[in-house]
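The primary structure of each chain is shown beneath.
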Amino acid sequence: MTAPTADPHLPRDAAHEEPRDGLRDFYENPAVPVASGDPRSRRQALMLAAALAGAPGATVLDVGCGDGTAAATAAPLLPGHRIVGVDWSQDALRRASRRFATTKGELSAVRGQLTDSGLPFATASADAVLFSEVIEHLVDPDSALDEIRRVLKPGGHLMLSTPNLAAWYNRALLLAGVQPVFSEVSLRGIHGRPGREVVGHLRLYTARALRGLLTASGFEVVRTAGAPFHGVPRPLRALDRLACAAPSAASILLVHARVPGRRAAPAPGRGSREP
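These notes cover the structure that comes with them. Since this is a predicted model, take the numbers as computed values, not measurements.

### Examining the overall build of the protein
Scanning the protein for helices and strands turns up 8 helices and 7 strands. Residues counted as buried form 55% of the 275 residues belonging to the protein. The contacts in the protein between residues at least 6 apart in sequence include a share of 73% that link residues at least 24 apart. Only carbon and sulfur atoms are counted for the fraction: they give 54% of the accessible area of the protein, which is about 11500 Å².

Given below as structure tokens:
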């Protein structure tokens with residue numbers, strides 16, 4: 001990686017670009033959170049189940065799977081489909097493999113990265129990709145989306161989730177001159193914003209910016225939805241759930257995008273490996 005990788009509130013230094021030494025050490029640290037919130041994972045899985053309805057036996061890649069939480073949450077909602085967790089972090093893959101061993105369904109975990117045809121799958125071989133709170137950890141999200149588009153079949157689905165820079169409380173925090181939640185200025189500590197955990201967020205998106213990035217990367221945006229954030233203080237959680245009705249103000253952005261039914265041939269040099 002020339003960048004890191006991780007999940008939202010998890011670190012997915014897997015399937016990404018080779019990080020520099022400092023980032024590599026950060027993402028391989030078992031103390032860094034690598035599990036995402038169940039409400040987000042379940043909402044995302046339900047969106048994918050609806051997209052795959054009538055297409056049994058699909059191959060679903062959980063790119064940047066971290067400890068396997070998102071894939072394990074999705075598995076009961078995706079019966080008959082094969083789920084493959086992909087990550088760069090060996091520690092994350094060990095945890096994901098243990099979780100998959102106790103989860104009902106066809107699940108497996110492999111190592112891969114998101115640049116230079118680093119996903120170990122043939123071009124146009126996957127029906128869907130779960131990309132759960134990984135993109136905010138990447139130095140080069142453009143190349144990552146190119147690689148995801150390479151492995152997806154024409155008409156294939158991308159289910160992406162990421163923290164929302166314009167979440168309802170971040171709008172208030174910025175007005176008060178406070179650093180927004182989810183944003184980080186250091187890998188060593190939290191400065192100027194609520195919260196205590198450093199998780200390695202490098203980029204943050206609003207709903208409009210994320211849709212624009214996906215469109216520029218060759219995807220068609222089908223739907224944008226919202227999900228709550230498990231880190232919101234308990235007295236405010238009801239309000240956070242209500243905010244999901246307006247995705248542009250929700251804590252977490254959920255985007256369903258797809259590869260157009262007909263697309264240009266992959267760029268020269270793209271790999272063609274069997275899954």
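### Observations concerning the side chain of Ser251
As for its placement among the helices and strands, Ser251 is situated in the loop between helix H8 (237-243) and strand E7 (252-258). A distance of 2.7 Å separates a polar atom in the side chain of Ser251 from a polar atom in the side chain of Tyr169. There is a polar contact of 2.5 Å between the side chain of Ser251 and the side chain of Asp240. Residues contacting Ser251, with those up to four places away along its chain left out, are Pro163, Asn164, Ala167, Trp168, Tyr169, Phe182, Ala227, Pro228, Phe229, Val232 and Asp240.

### What to know about the pattern of salt bridges
Under the definition given, this model contains 8 salt bridges. We note a salt bridge from Arg40 to Glu133, for which the minimum N-O separation is 2.4 Å. Of the two residues, Arg40 is situated in helix H2 (residues 38-51) and Glu133 in the loop between strand E4 (126-132) and helix H5 (141-151); the sequence distance between them amounts to 93 residues. With a closest N to O distance of 2.6 Å, Arg258 and Glu220 form a salt bridge. With Arg258 in strand E7 and Glu220 in strand E6 (residues 220-227), this residue pair connects regions lying 38 residues apart in the sequence.

### Remarks on the environment of Arg223
With respect to the secondary-structure elements, Arg223 resides in strand E6. By relative accessible area, Arg223 is classed as partly exposed at 46%. Sequence-wise, Arg223 and Arg211 are 12 residues apart; in three dimensions their C-alpha atoms are separated by 9.6 Å. Ignoring anything within four residues of it in the chain, the contact list for Arg223 reads Met47, Leu254, Val255 and His256.

### Quick word on the sheet that holds strand E3 (residues 106-111)
With mixed pairing, the 7 strands of this open sheet are ordered in space as E3-E2-E1-E4-E5-E7-E6. The open sheet has two edge strands, E3 and E6, and neither has a second partner. Pairs of neighbouring strands in the sheet enclose a mean axial angle of 20 degrees, with direction left out of account. In terms of strand pairing, strand E2 (residues 82-87) meets E3 through 6 bridges, oriented parallel. Directly across from Asp87, in E3, lies its bridge partner Arg111. Contacts from H5 reach strand E1 (59-63), E4 and strand E5 (152-163), with the element oriented near 145 degrees to E5.

The rules behind each value
- Note on numbering: residues in each chain are counted from 1, in written sequence order.
- pLDDT decides what is reported in this predicted model: residues at 70 or higher carry local features, side-chain atom pairs at 80 or more are listed and counted, and totals for whole chains, interfaces and linings draw on all residues regardless.
- Here the side-chain values reflect all heavy atoms present in the structure, with hydrogen atoms and water set aside.
- Secondary structure elements are taken from DSSP: a helix is a run of H or I of four residues or more, a strand is a run of E of two residues or more, and numbering for both begins at the N terminus.
- Burial here depends on accessible area, computed with a 1.4 Å probe over protein chains only, as a share of the maximum for the residue type. Under 20% is buried, over 50% is exposed, and the range in between is partly exposed.
- Whether two residues touch is decided by their heavy atoms; if any such pair falls within 4.5 Å, the residues are in contact.
- Every accessible area reported is derived by Shrake-Rupley at a probe size of 1.4 Å, with residue values counting cover from the shown protein chains alone.
- Side-chain atoms alone can form a polar contact between residues adjacent in sequence; in general such a contact is a pair of N or O atoms within 3.5 Å, and within protein one must be able to donate a hydrogen while the other accepts it.
- One side-chain nitrogen of Lys or Arg within 4 Å of one carboxyl oxygen of Asp or Glu is enough to make a salt bridge.
- Two strands make a pair as long as DSSP finds a minimum of two bridges between them.
- Throughout, an axis means a line fitted to C-alpha atoms (over the contacting stretch in the case of helices), and angles, computed between N-to-C directions, take values from 0 to 180 degrees.

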